[in-house]
Amino acid sequence: MSGLTPDDAPRGQGMTYAEYAALPDDGHRYQLVEGELIMTTSPTRWHQVVVAELYAQIREHIRAHELGQAFIAPLDVILDDRVVLQPDLFFVSNQRASILRDANVVGAPDLCVEVLSPGTERLDRLRKLELYARFGVAHYWLVDVAARSIEEYVLRGDVYRVRSVSGNDDSFCPVVFPGFTFCLAPIGLPAA
């Protein structure tokens, strides 16, 4: 498929991972959502600040306890041939390390985290939430920079249940990392 561009993405049946992987690097970030190629706009500065701080603290915790590995986007998480997502941050436990490849991840991470942006909120809250649940991602967090909150979802059966919602000044204590706490307030997010 040399010469293929994002505008050439197949319509109807949807794009496959092989077609997605053959796209030239045009500097944009893409995800494959049930065969639909979706371009994600560049994240805001505050989005990146939150991702960086959360990643640094999670990474320190999982290293100290030898729990696994954390990653940040862009890195493809291949859930099936037509679902390839790039969570803002995700964690793969030692028990699930077999899903890690040199170029990507093939299978469901233990945790996926999305930091909401105006351009991605609907995708993150609806489609990705449903897809992560369908493919067995046990833990999903939504960080809402505008609302200064973190929503923690835990998979029960094949649907997510809200376990906690932490506000700006609250300590966020997720079940996936016993002993870990995080608070948005020290980041100093701008007034809404």
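Refer to the preceding data block for the structure.
The notes below deal with the structure included here.

1. Here we look at the side chain of His 61
Step number 1: Residue position: His 61 is located in helix H2 (residues 45-64).
Step number 2: On the basis of relative accessibility, which here comes to 9%, the residue His 61 falls in the buried class.

2. Quick notes on the packing of aromatic side chains
Step number 1: Applying the stated criterion across every chain yields a total of 10 aromatic pairs.
Step number 2: Judged by centre distance (6.2 Å) and plane angle (35°), the ring pair of Tyr 140 and Tyr 153 falls under tilted. Of this pair, Tyr 140 sits in strand S9 (residues 139-144) while Tyr 153 sits in strand S10 (residues 149-156); the two residues are 13 residues apart in sequence, bridging distant segments of the chain. No difference in accessibility class separates Tyr 140 from Tyr 153, as the two residues are buried.
Step number 3: Every member of this aromatic cluster is reached through a ring pair, and the members are Phe 91, Trp 141, Phe 172, Phe 177 and Phe 180.

3. Structural notes on helix H3 (residues 121-134)
One full turn of an α-helix is made of 3.6 residues, so residues set three or four places apart face in the same direction.
Step number 1: Spanning 14 residues, H3 covers 19 Å between terminal C-alpha atoms, matching the ideal 20 Å at 1.5 Å per step.
Step number 2: At Lys 128, H3 shows its maximal kink, close to 40°.
Step number 3: Two residues or fewer after H3 comes Gly 136, characterised by a positive phi angle close to 85°.

4. Description of the pairing of strand S6 (residues 89-93)
The side chains of a regular strand alternate between both faces of the sheet.
Step number 1: The element S6 is extensively covered by neighbouring structure, given that five of its five residues are classed as buried.
Step number 2: Burial along S6 is two-sided: Leu 89, Phe 91 and Ser 93 facing one way and Phe 90 and Val 92 facing the other are all buried.
Step number 3: As paired elements, strand S3 (residues 68-72) and S6 share five bridges and run antiparallel to each other. Directly across from Gly 68, in S6, lies its bridge partner Ser 93.
Step number 4: As paired strands, S6 and strand S8 (residues 111-115) are joined by three bridges and run antiparallel to one another. Bridge pairing links Leu 89 to Val 113 in S8.

5. Overview of the sheet that holds strand S11 (residues 159-167)
Step number 1: Spatially, S3-S6-S8-S9-S10-S11 is the arrangement adopted by the six strands of the open sheet, whose pairing is mixed. Because the sheet does not close on itself, it has two edges, and the strands there are S3 and S11. On average, each strand axis in the sheet is inclined to that of its neighbour by 15°, with strand direction left out of account.
Step number 2: In this sheet, S9 lies alongside S8 in parallel orientation, the contact comprising five bridges. Opposite Val 115, over in S9, you have Val 143 as the bridge partner.
Step number 3: Its contacts with the sheet place H2 against S3, S6, S8 and S9, and it is angled at close to 170° to S3.
Step number 4: Where H3 meets the sheet, it contacts S8, S9, S10 and S11, and its direction lies at approximately 175° from that of S9.

So, how was this worked out
- Residues numbered from 1 in each chain as written.
- Predicted model: local features only at pLDDT ≥ 70, side-chain atom pairs only at ≥ 80, totals over all residues.
- Heavy atoms only, no water.
- Helix = DSSP H or I, 4+ residues; strand = E, 2+ residues; numbered from the N terminus.
- Buried < 20%, exposed > 50% of the residue type's maximum accessible area, 1.4 Å probe, protein only.
- Phe/Tyr/Trp six-rings, centres within 6.5 Å; stacked < 30°, edge-to-face > 60°.
- Expected span 1.5 Å × (residues − 1).
- Bend = angle between axes of the 7 residues up to and from the residue.
- Pairing = 2+ DSSP bridges.
- Axes fitted to C-alpha atoms, helices over the stretch in contact; angles between N-to-C directions.
- Contact = heavy atoms within 4.5 Å.

On their own, these measurements won't tell you what the molecule is for.
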